[in-house]
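Understanding the architecture of this molecule
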Amino acid sequence: MQNMELKAETIRVVGPCDIWSFPLKMKERHPLEYVRQFPHLRCRNNTLGSLLRIRSEATAAIHSFFQDNGYVHIHTPIITSNDCEGAGDLFQIETSNEARESAEKTHFFNVPAFLTVSGQLHLEVMSGAFTHVFTFGPTFRAENSQSRRHLAEFYMVEAELSFTESLQDIMQVMEDLFKTATSTVLSKCPRDVELFHKYMAPAQKVGTDAEEQICDLVENLLSHLLEEISYSEAVEILKRASQTFTFKPEWGCDLQTEHEKYLVKHCGEVPVFVINYPYDLKPFYMRDNEDGPQHTVAAVDLLVPGVGELCGGSLREERLPFLESRLQRLGLTDAYQWYLDLRKFGSVPHGGFGMGFERYLQYILGVDNIKDVIPFPRFSHSCLL
């Protein structure tokens with residue numbers, strides 16, 4: 001990434017380095033898996049240097065997008081007593097004393113507390129006071145996985161919009177954010193993005209240079225409206241596919257990564273929205289479409305090439321009787337009485353979404369492993385530094 005040569009008259013060594021024992025060798029293109037072993041040194045590598053500049057510009061672009069569109073930035077808590085996703089893959093917080101004296105069943109906060117999996121519920125609280133709100137911060141999942149798609153700590157961009165009754169409104173904000181941030185990164189970090197497309201992207205087109213690949217990405221992303229299909233249409237497409245899937249596609253079952261990637265390919269390798277998921281698949285806060293016989297909720301996922309699901313969102317259930325009924329069936333009424341209060345004491349139609357920041361970087365840079373787009377990756381059985 002050097003665009004000039006220096007003709008030095010004198011050289012003074014400020015900090016000596018033993019090049020023979022230094023693990024990152026000059027003019028050697030180390031595999032990302034190798035560099036990952038040295039979290040305290042990997043930022044000195046060209047690849048990680050480029051990544052960190054891109055992360056910085058992408059972060060600034062996301063904040064600028066929301067601020068330019070009238071959103072209020074909310075610092076949602078990292079410590080919470082809520083399980084937003086209901087998946088149960090939570091890190092529970094204990095003090096060192098609690099860990100040693102767990103038999104006493106005492107809690108520092110008097111209730112079980114966890115590292116957050118999402119800021120959405122706290123954003124919904126704030127959306128009762130502000131029309132548009134967003135947050136951008138770390139989230140945590142205790143999934144026992146070392147796959148290329150999962151991290152235990154990652155960053156989420158989340159937003160809530162009040163006074164919206166249309167899933168299309170949510171999708172438009174998702175698309176505008178996606179395109180605006182990408183356009184900014186490509187214009188401000190062209191050489192850094194080029195490095196990834198030239199040397200790191202696993203699916204480089206034969207005979208196509210990095211600059212052409214970037215142009216293809218820009219054209220496919222910025223020049224086209226994103227595709228849209230319903231969940232039911234997606235299942236029918238998968239059932240007709242000649243490809244054999246590990247997980248058989250059936251209506252009422254969640255879409256797996258292999259399904260998501262096939263749908264993107266079927267739609268021409270462009271990002272695609274999938275809308276209206278089965279009622280029983282999604283969390284309690286998603287708005288009931290009151291349709292039949294296939295009962296669905298107003299939910300949407302944005303699928304992108306090479307990654308699969310990038311964003312997920314929905315209209316929120318603002319109708320108190322509907323929400324009370326569902327929470328009662330799930331046995332969650334007492335735990336979420338405060339959530340019912342948000343409807344009981346005045347609510348408006350609203351919705352929101354979340355975007356995984358690392359998955360976004362994976363997509364625009366063509367990086368295969370999510371552990372290579374974050375400075376200090378945390379995952380099952382690994383917490384270096």
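Below is a short write-up of the structure. Here the structure is a predicted model, which means the values were calculated and not measured. (Residues numbered from 1 in each chain as written. Predicted model: local features only at pLDDT ≥ 70, side-chain atom pairs only at ≥ 80, totals over all residues. Heavy atoms only, no water.)

1. A look at a nonpolar patch on the surface
Selection rule: A patch is a set of surface residues, each over 30% in relative accessible area and not in a salt bridge, joined within 9 Å for like charges and within 5 Å for the nonpolar side chains Val, Leu, Ile, Met, Phe, Trp and Tyr. Computed with the Shrake-Rupley method and a 1.4 Å probe, the accessible areas treat only the protein chains shown as cover for residues. When a carboxyl oxygen of Asp or Glu is within 4 Å of a side-chain nitrogen of Lys or Arg, the pair counts as a salt bridge. Secondary structure elements are taken from DSSP: a helix is a run of H or I of four residues or more, a strand is a run of E of two residues or more, and numbering for both begins at the N terminus.
The grouping of Ile78, Ile79, Phe108, Phe109 and Val111 at the surface amounts to a nonpolar patch, some 470 Å² of accessible area in total. Here Phe108 lies in the loop between helix H3 (96–100) and strand S3 (114–115).

2. Quick notes on the sheet that holds strand S7 (residues 272–278)
Going by this rule: Note: two strands are recorded as paired if DSSP finds a minimum of 2 bridges between them. Any two residues having at least one pair of non-hydrogen atoms within 4.5 Å are treated as being in contact. Only the contacting stretch of a helix is used when fitting its axis, a line to C-alpha atoms as for every element, and angles between N-to-C directions run 0 to 180 degrees.
Across the sheet, which stays open at both edges, the eight strands sit in the order S1-S4-S5-S10-S9-S8-S7-S6 with mixed pairing between neighbours. On the outer flanks of this sheet lie strand S1 (72–73) and strand S6 (227–230), each paired with one strand and no other. Contacting strand S4 (132–140), strand S5 (153–162) and strand S10 (350–356), helix H4 (residues 120–127) crosses the sheet at an angle of about 25 degrees to S5.

3. Brief notes about the packing of aromatic side chains
Think of a pair of aromatic rings as described by two things: how far the centres are apart, and how the planes are tilted against each other in angle. The cut-off we apply is this: Centres within 6.5 Å are what make two rings of Phe, Tyr or Trp a pair, Trp counting through its six-membered ring; a difference in plane orientation under 30 degrees is then read as stacked, over 60 as edge-to-face, and the rest as tilted. Each residue is placed in one exposure class: buried if its accessible area under a 1.4 Å probe, protein chains only, is under 20% of its type's maximum, exposed if it is over 50%, and partly exposed if it falls in between.
All chains considered together, the criterion is met by 16 aromatic pairs. With 5.0 Å between their ring centres and 80 degrees between their planes, Phe108 and Phe109 make a pair best called edge-to-face. Ring geometry for Phe245 versus Tyr262: centroids 5.6 Å apart, planes at 90 degrees, classification edge-to-face. Here Phe245, found in the loop between helix H8 (231–240) and helix H9 (257–266), pairs with Tyr262, found in helix H9; they are 17 residues apart in sequence, far enough to count as distant. Judged by relative accessible area, Phe245 falls into the buried class, the value being 11%.

4. As for the nonpolar core
Selection criterion: For our purposes a nonpolar core is just a set of buried Ala, Val, Leu, Ile, Met, Phe, Trp, Tyr and Cys residues, chained together by side-chain atoms within 4.5 Å.
With 56 residues, the main nonpolar core has Ile62, Phe66, Leu302 and Tyr360 as its most contacted residues. The element contributing the most residues to this core is helix H5 (residues 167–188), with 10 residues. For Phe66, the contacting residues outside a window of four places in its chain are Tyr71, Phe134, Val157, Ala159, Leu177 and Phe353. In terms of nonpolar packing, the next biggest core, distinct from the first, is built from 29 residues, Ile229, Ile237, Phe245 and Leu323 among them.

5. Some thoughts on the pairing of strand S8 (residues 296–304)
Across the nine residues that make up S8, a large majority, nine, are buried. Summarising the sheet, S7 and S8 pair through six bridges and their orientation is antiparallel. Residue pairing for S8: Val272 is matched across the bridge by Leu303. Where S8 lies against strand S9 (residues 308–315), six bridges are found, and the strand directions are antiparallel. Its bridge partner lying in S9, Leu302 is registered against Cys311. As consecutive antiparallel partners, S8 and S9 are separated by three residues, and within that stretch Gly306 has a phi angle of approximately 80 degrees, a positive value.

6. A closer look at the environment of Phe134
Inspection of the secondary structure assignment puts Phe134 in strand S4. Sequence separation between Phe134 and Glu124 is 10 residues; the distance between their C-alpha atoms is 9.9 Å.

7. Some thoughts on the pairing of S7
For a regular strand, side-chain orientation follows a simple rule: the groups alternate between the two sheet faces. Here S7 lies mainly inside the structure; six of its seven residues are buried. Sheet topology places S6 next to S7; four bridges connect them, and they run parallel. Residue pairing for S7: Glu227 is matched across the bridge by Val272.

8. Looking at the pattern of salt bridges
In this structure the tally under the stated criterion is 15 salt bridges. The closest approach of N and O atoms between Arg316 and Glu160, which form a salt bridge, is 2.5 Å. Of the two residues, Arg316 sits in the loop between S9 and helix H10 (320–330) while Glu160 sits in strand S5, which places them 156 residues apart along the sequence. We classify Arg316 as buried; its relative accessible area is 3%. Three or more residues are tied together by salt bridges with common partners; here these are Arg36, Arg42 and Asp372.

9. Quick notes on H8
For clarity, the cut-off: This arc is built from the directions going out from the helix axis to the C-beta atoms.
Within the sequence span of H8, burial applies to Tyr231, Ala234, Val235, Ile237 and Leu238. Along H8, the residues classed as buried sweep out an arc of 160 degrees about the axis, all on the same side. In this structure, the buried residues of H8 make contact with S6, H9 and S7.

10. Considerations on H9
Buried residues of H9: His259, Glu260, Tyr262, Leu263 and Val264, and no others. Against S6, H8, S7, S8 and S9 lie the buried residues of H9. Just downstream of H9, Gly268 is the residue with a positive phi angle, here 100 degrees.

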